[in-house]
Amino acid sequence: MTDREEKIRQLAYKIWEEEGRESGFHNDHWLRAEKEHQMTDQQAEEATKANQHADEEFAKDNSGKKSEVDIRPPSISSPD
């Protein structure tokens, strides 16, 4: 069994438990689990792409620039 199939199996089992463990609906549970797994994969892929884009934009905006926080050493006295 592949990792993907194992995750779908676990999701289908969870759906089965949440619906009161009725028998006769295993195919429906499996199909719903597949759809949920696919949606989760798509969301993860979209988040990864968004993060990569943000990283690229951040690198462009901050290349060679130093902010006050980067330049000033941390304070050794407590703010209290």
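Residues numbered from 1 in each chain as written. Predicted model: local features only at pLDDT ≥ 70, side-chain atom pairs only at ≥ 80, totals over all residues. Heavy atoms only, no water.

Peer 1: In this structure, what is going on with the side chain of His29? I would like to understand it.
Peer 2: Mapped onto the elements of the fold, His29 is located in helix α2 (residues 26-61). A polar atom in the side chain of His29 sits 3.1 Å from the side chain of Glu19. In this view, His29 contacts Ala12, Ile15, Trp16, Glu19 and Glu22; residues no more than four positions away in its chain are not counted. (Helix = DSSP H or I, 4+ residues; strand = E, 2+ residues; numbered from the N terminus. Polar contact = N/O pair within 3.5 Å; in protein donor to acceptor, adjacent residues only side chain to side chain. Contact = heavy atoms within 4.5 Å.)

Peer 1: Explanation requested: the pattern of salt bridges in the structure shown.
Peer 2: Side chains carrying opposite charge are able to pair once their charged atoms draw close together. Evaluation of the coordinates by the stated rule reveals six salt bridges. Glu17 serves as the salt-bridge partner of Arg21, at 2.8 Å between the closest nitrogen and oxygen. (Salt bridge = Lys/Arg side-chain N within 4 Å of Asp/Glu carboxyl O.)

Peer 1: It is not clear to me how the environment of Lys35 should be interpreted in this structure. Could you clarify?
Peer 2: By secondary structure assignment, the location of Lys35 is in helix α2. A sequence separation of 27 residues divides Lys35 from Ile8, and the C-alpha atoms of the two residues are 9.0 Å apart.

Peer 1: How should I be thinking about the nonpolar core in this particular structure?
Peer 2: It is characteristic of soluble globular proteins that their nonpolar side chains tend to be buried jointly. Of all hydrophobic cores here, the largest spans five residues; its members are Ile8, Leu11, Ala12, Ile15 and Ala33. With four residues, the top contributor of residues to this core is helix α1 (residues 3-18). Those residues in contact with Ala12, other than ones at most four positions away along the chain, are His29, Trp30 and Ala33. (Core = buried A, V, L, I, M, F, W, Y, C linked by side-chain atoms within 4.5 Å. Buried < 20%, exposed > 50% of the residue type's maximum accessible area, 1.4 Å probe, protein only.)

Peer 1: Looking at this structure, how should I read unusual backbone geometry?
Peer 2: Glycine aside, the phi torsion of most residues is negative, and most peptide linkages are trans. Residues other than glycine seldom take positive phi values, yet Arg21 does so here, at roughly 60°. Following the sequence through the fold, Arg21 ends up in the loop between α1 and α2.

Peer 1: Is there a simple way to think about the packing of α1 against α2 in this case?
Peer 2: How two helices sit against one another is set out by the angle between their axes and by the gap between those axes. Contact geometry for α1 and α2: axes closest at 8 Å, N-to-C directions at 120°. The orientation of α1 relative to α2 falls into the category oblique. In this structure, the crossing between α1 and α2 has a hand that is right-handed. Of α2, the residues touching α1 (which contributes Arg4, Glu5, Lys7, Ile8, Arg9, Leu11, Ala12, Ile15 and Trp16) are His29, Trp30, Arg32, Ala33, Glu34, Glu36 and His37. In terms of residue class, the contact of α1 with α2 is made up of seven nonpolar, two polar and seven charged. (Axes fitted to C-alpha atoms, helices over the stretch in contact; angles between N-to-C directions. Parallel < 35°, antiparallel > 145°, perpendicular 65-115°, else oblique. Left-handed = near helix turned anticlockwise from the far one by under 90°. Nonpolar A, V, L, I, M, F, W, Y, C, P; charged D, E, K, R; others polar.)

Peer 1: How do you make sense of the side chain of His37 when you look at a structure like this?
Peer 2: Its location among the elements puts His37 in helix α2. On the basis of relative accessibility, which here comes to 9%, the residue His37 falls in the buried class. Leave out the neighbours within four places in its chain, and His37 touches Arg4, Lys7, Ile8 and Leu11.

Peer 1: Whenever I open this one, α1 confuses me. Can you help?
Peer 2: For the α-helix, the turn length of 3.6 residues means that residues three or four positions removed from each other point alike. Its 16 residues place the ends of α1 23 Å apart at the C-alpha level, agreeing with the 22 Å of an ideal helix rising 1.5 Å per residue. Considered for burial, the residues of α1 that qualify are Ile8, Leu11, Ala12 and Ile15. Down the axis, α1 shows its buried residues gathered within 100° of arc, on one side only. Phi for Gly20, located one or two positions after α1, is positive at around 85°. (Expected span 1.5 Å × (residues − 1). Arc of directions from axis to C-beta.)

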